Amino acid sequence: MIYYSLVIYVTKIYVVRHCETDANAAKIFQGHTDNDINDLGAAQLEALRGYFKDIHLDAVYTSPLLRTLRTATAIAGNKGVPIIKMPDLIELDGGVYEGKTYSQIAKEYPDFMEIWGKRPWEFNPQKGESMVAAYDRIYNCIREIAEESREKTVAVASHGGVIRCLLCRIIKNDIEKLPEVPFVNNTGVTLIEADGNMNFTIKVFNDISHLSDDLKNENSNVPLGEY
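By convention here, each chain's residues receive numbers from 1 onward along its written sequence. pLDDT decides what is reported in this predicted model: residues at 70 or higher carry local features, side-chain atom pairs at 80 or more are listed and counted, and totals for whole chains, interfaces and linings draw on all residues regardless. Side-chain figures throughout are based on the complete set of non-hydrogen atoms in the structure, without hydrogens or water.

1. Some thoughts on the sheet that holds strand S6 (residues 200–207)
Within a sheet, adjacent strands bond to each other through the backbone by hydrogen bonds, running parallel or antiparallel. Between any two strands, at least two bridges found by DSSP are needed for them to pair. By definition, any uninterrupted DSSP run of H or I lasting at least four residues is a helix, any uninterrupted run of E lasting at least two residues is a strand, and each is numbered from the N terminus. Spatially, six strands are ordered S3-S2-S4-S1-S5-S6 in an open sheet, and the strand pairing comes out mixed. In this open sheet, the two edge strands, each paired with only one partner strand, are strand S3 (83–85) and S6. Taking the axes of each pair of neighbouring strands and ignoring which way they run, one obtains an average angle of 20 degrees across the sheet. Where strand S1 (residues 11–17) meets strand S4 (residues 153–158), six bridges bridge the pair, whose relative direction is parallel. Comment: axis = line fitted to C-alpha atoms, over the contacting stretch for helices; angle = value between 0 and 180 degrees taken between N-to-C directions.

2. A look at the packing of helix H6 (residues 131–148) against helix H7 (residues 160–171)
In the contact formed by H6 and H7, the axes pass within 8 Å of each other and the chain directions differ by 75 degrees. By the angle between their directions, the pair H6 and H7 is classed as roughly perpendicular. For the pair H6 and H7, contact is made by Met-131, Ala-134, Tyr-135, Asp-136, Arg-137, Ile-138, Tyr-139 and Ile-142 and by Val-162, Cys-165, Leu-166, Cys-168 and Arg-169, respectively. Gly is placed with the polar residues, together with every amino acid not listed as nonpolar (Ala, Val, Leu, Ile, Met, Phe, Trp, Tyr, Cys and Pro) or charged (Asp, Glu, Lys and Arg). Of the residues assigned to the contact of H6 with H7, the class counts are 10 nonpolar, no polar and three charged. Any angle that is under 35 degrees is reported as roughly parallel, and any over 145 degrees as roughly antiparallel; angles of 65 to 115 degrees are reported as roughly perpendicular and all others as oblique. Throughout, a residue-residue contact means that at least one pair of heavy atoms, one from each residue, lies within 4.5 Å.

3. So, H6
Over its 18 residues, H6 extends 26 Å from the first C-alpha to the last, a length consistent with the 26 Å expected when each residue adds 1.5 Å. Turning to H6, its buried residues number three or more, namely Met-131, Ala-134, Tyr-135, Arg-137, Ile-138, Tyr-139, Cys-141, Ile-142, Ile-145 and Ala-146. For a helix, the expected span equals 1.5 Å multiplied by the number of residues minus one. Each residue's exposure class comes from its accessible area (1.4 Å probe, protein chains only) as a fraction of the maximum for that residue type: buried when under 20%, exposed when over 50%, partly exposed otherwise.

4. Some words on the packing of aromatic side chains
For Phe, Tyr and Trp, rings pair up if their centres lie within 6.5 Å, where Trp contributes its six-membered ring, and each pair is then called stacked (planes under 30 degrees apart), edge-to-face (over 60) or tilted (otherwise). In the structure shown here, the tally under the stated rule is 15 aromatic pairs. Seen in terms of ring centroids, Tyr-102 and Trp-116 are 6.3 Å apart; in terms of plane orientation they differ by 45 degrees. Their pairing is tilted. Linking Tyr-102 in helix H4 (residues 102–108) with Trp-116 in helix H5 (residues 112–118), this pair joins segments that are 14 residues apart in sequence. Like Trp-116, Tyr-102 is buried.

5. Focus on the packing of helix H2 (residues 39–52) against helix H3 (residues 66–76)
Close contact between H2 and H3 brings their axes to 7 Å; oriented N to C, the two are set at 40 degrees. In this view, H2 runs oblique relative to H3, as classed from their interaxial angle. At the point where H2 passes H3, the crossing takes the right-handed sense. Contacts between H2 and H3 involve Leu-45, Leu-48, Arg-49 and Phe-52 from the first element and Arg-70, Thr-71, Ala-74 and Ile-75 from the second. Split by residue class, the contact of H2 with H3 holds five nonpolar, one polar and two charged. Helix crossings get a hand from a simple test, with the near helix turned counterclockwise from the far one by less than a right angle marking a left-handed crossing and a clockwise turn marking a right-handed one.

6. Comments concerning the environment of Ala-47
You can see Ala-47 is positioned in helix H2. Looking at Ala-47, the relative accessible area reads 16%, which means it is buried. C-alpha of Ala-47 to C-alpha of His-210: the two residues are 163 residues apart in sequence and 5.8 Å apart in space. Residues within four places of Ala-47 in sequence aside, it is in contact with His-210, Leu-211 and Leu-215.

7. Comments concerning unusual backbone geometry
Notably, Lys-127 is not glycine yet its phi reads approximately 60 degrees, a positive angle. Among the structural elements, Lys-127 can be located in the loop between H5 and H6. Here the phi dihedral of Asn-206 falls at roughly 50 degrees; this positive angle occurs in a residue that is not glycine. Of note, Asn-206 is situated in strand S6. A relative accessible area of 14% places Asn-206 in the buried class.

8. A closer look at the nonpolar core
In plain words, nonpolar cores are sets of buried Ala, Val, Leu, Ile, Met, Phe, Trp, Tyr and Cys residues tied together by side-chain atoms within 4.5 Å. Among the nonpolar cores identified, the biggest contains 44 residues, and Phe-29, Leu-89, Phe-112, Phe-123, Ile-142 and Ile-145 are the most heavily contacted of them. Secondary structure elements with two or more residues in this core: S1, strand S2 (59–62), H4, H5, H6, S4, H7 and strand S5 (189–194). It is H6 that contributes the most residues to this core, nine residues altogether.

9. Structural notes on H2
Counting along an α-helix, one turn takes 3.6 residues, and residues three or four places apart therefore face a common direction. The first and last C-alpha atoms of H2 sit 20 Å apart over 14 residues, in line with the 20 Å expected at 1.5 Å per residue. Along H2, the residues that are buried comprise Gly-41, Gln-44, Leu-45, Ala-47, Leu-48 and Phe-52. Looking down the long axis of H2, one finds its buried residues gathered within 165 degrees of arc, a one-sided arrangement. Of the residues in H2, the exposed ones pointing more than 90 degrees away from the buried face are Asp-39 and Glu-46. Tucked into the core, H2 has its buried residues touching S1, H3 and S5. Any pair of nitrogen or oxygen atoms within 3.5 Å is treated as a polar contact; in protein, a donor-acceptor pairing is required on top of that, and neighbouring residues in sequence qualify only through side-chain atoms on both sides. At the N-terminal boundary of H2, the capping side chain belongs to Asn-38, with an oxygen 3.3 Å from the backbone nitrogen of Leu-40. This arc corresponds to the set of directions leading from the helix axis out to the C-beta atoms.

Purely geometric numbers; function is a separate question.
In structure tokens, the structure reads:
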């Protein structure tokens, strides 16, 4: 009798949100603004380095902004793997909202919080990027990475807004379900697997087990519909 073993090959993609910046702590809309990390962020990266210490990686992809580049460097650690910048991993461009606190934005643009919290698919700031465009961009970028990395294990350093869009696409496949998908935490790790047909499955969602209580900053995001 001949026995056949079924081997299913998958591509593993660890998607990681960057560590904290002062703008995160102050609830400022960062977007494309290239802020450096703060002291808490640096400590989070040391913990993140430990998380990935024994995880094999073939490459680390990153948004070109400083906060993600530093996060990607911590993920790569001493593995000697390439760190590859991909512009499409960048955060949503907040246009006229960037550099302002959410409370300031709410005062200057009265409809902002209603749209941001309840109808984010309508978000389309002046001089910025629409949520619809970001939703498509990040999914296409992750799919490109998966295609290039078939049967490998890679990591991605990106941003809260677009990671949320990506997870919504995978979990709900409907941008109007975005309010049902929470933001991930700073240095939260999500593991996505892709099969040979590029079907994505989330295996781990927003793992922050590497962060001690003093390194967690759950309140750095603005709650949906509040400011």
